[in-house]
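# Descriptive structure summary
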Amino acid sequence: REWKYLEPVRAFCELHGIPVQMGNEKIPSFWRLRETRTFIDWLRQRESRVVDGAALAGWVEGCPSGPWYDLLRQAVEEHALETGGNDVPVDHLIEWLAEWGREIRRRQRELLLVTAHGAKGLEFDHVAVLDGGWDRVERDEDADAPRRLYYVAMTRARQTLALARLDGPHPMLDPLVDHASVVERAPVELAAPSPALLFRHVRASLGDVDLGFAGRLADRHTTHRAIAALSPGDPLETRITDYGSWELLDPAGSVVGRLAKSFRPPREMRCRSAEVSAIVGWSRESSEPQYRDSIKCESWEVVVPELVFEI
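Residues numbered from 1 in each chain as written. Predicted model: local features only at pLDDT ≥ 70, side-chain atom pairs only at ≥ 80, totals over all residues. Heavy atoms only, no water.

### A word on the packing of aromatic side chains
Centre-to-centre distance and the angle between the planes together describe a pair of aromatic rings. Within the structure shown, the criterion is met by 9 aromatic pairs. Between Trp 246 and Phe 263, the aromatic rings sit 5.7 Å apart at their centres with planes inclined by 80 degrees, giving edge-to-face as the arrangement. One end of the pair, Trp 246, is in strand E9 (residues 246–249); the other, Phe 263, is in the loop between strand E10 (255–258) and strand E11 (270–283), and 17 residues separate them in sequence. The class of Trp 246 is buried, set by a relative accessible area of 11%. Linked through ring pairs, Phe 39, Trp 42, Trp 59 and Tyr 69 together constitute an aromatic cluster. (Phe/Tyr/Trp six-rings, centres within 6.5 Å; stacked < 30°, edge-to-face > 60°. Helix = DSSP H or I, 4+ residues; strand = E, 2+ residues; numbered from the N terminus. Buried < 20%, exposed > 50% of the residue type's maximum accessible area, 1.4 Å probe, protein only.)

What follows is the structure, encoded as structure tokens:
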């Protein structure tokens, strides 16, 4: 019913290596990802203005592993299905990729954790509805509002629906127990929870990051080289300055980024660890006009982190 009930599930998935996405988080702009820009540069630098499926497949197969190169592989596979692997003009492919990138941001890629409100209008092959908060009526709701919302959650399922409850009565499930279409499974003994289930994982958005940090440094500044040496998954350190801003440091101790002034960490939690989630491109042209006078280079890269907080 609420995001707070999904946080331990997210932590469980991260602990066990289960690919997971939170419905209230957005992936960085596909078009700005370093991997996408590298692909576009390769396409534009080719002598031939057409490209076939074999050339595209060969390029992505030669790329290192990583979440964003894997996403590019998916794009190339889907393009091959649409075109049969035939020759296409490079400009047409780039236009197709831009549209595909806009669509992929709205597409489910992993186990999706979302509230019942957030799932309205969506459908999934398999749905599990968690316990928690279904017995509470908000101040501005009528008494049947939780039941209607639970119905919304249930009816998102196309094939299978699992309704979970913890110990004790459940206002929604109890009336269903004896229904002919319901299979009630015996309770299971839960293992002792890992302390990691209390961790809060935060994938920063572009709005959480100081996009102009490296742009305010000259082209030859060592920070640009330090950022260029980083890849998704690399560890980062965090540091809060005397002015209250969050800095991101690479393993060598070089400052490679800053979080935006508007970034707010989870309350009463401290940063336990951080890593590179993505590296995106930014430019003077992309920046707001009021910030352009402080920029010292035409284009640069921005480190987008994933942060883990603990109590």
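### Things to note about the pattern of salt bridges
The final tally for this structure, using the stated rule, is 26 salt bridges. In this structure, Glu 14 engages Arg 203 in a salt bridge whose closest nitrogen and oxygen atoms are separated by 3.7 Å. Taken as a pair, Glu 14 in helix H1 (residues 7–15) and Arg 203 in strand E7 (residues 200–203) lie far apart in primary sequence, 189 residues in all. In this structure, Arg 272 and Glu 310 form a salt bridge, with 3.3 Å as the shortest nitrogen-oxygen distance. (Salt bridge = Lys/Arg side-chain N within 4 Å of Asp/Glu carboxyl O.)

### Points about the pairing of E9
Along E9, one buried face is formed by Trp 246 and Leu 248 and the opposite face, lined by Glu 247 and Leu 249, is buried too. Where strand E8 (residues 235–240) and E9 come together, 4 bridges link them in antiparallel fashion. By the bridge assignment, Ile 240 is partnered in E9 with Trp 246. In this antiparallel pair of consecutive strands, E8 and E9, the connection spans 5 residues, and Gly 244 shows a positive phi of 90 degrees. Counting the residues that bridge the hairpin from E9 to E10 gives 5 residues, and of these Gly 253 lies at a positive phi of roughly 95 degrees. (Pairing = 2+ DSSP bridges.)

### Notes on the sheet that holds E9
Sheet architecture is open: 6 strands sit in the order E7-E12-E11-E8-E9-E10, paired in antiparallel fashion. Both outer strands of the open sheet, E7 and E10, are each paired with one neighbouring strand and no more. Neighbour-to-neighbour, the strand axes of this sheet turn through a mean angle of 35 degrees, independent of strand direction. Across the sheet, H1 is in contact with E7 and strand E12 (299–310); its angle to E7 comes to roughly 85 degrees. Along the sheet, helix H2 (residues 34–45) contacts E11 and E12; its crossing angle with E11, the most-contacted strand, is approximately 25 degrees. (Axes fitted to C-alpha atoms, helices over the stretch in contact; angles between N-to-C directions. Contact = heavy atoms within 4.5 Å.)

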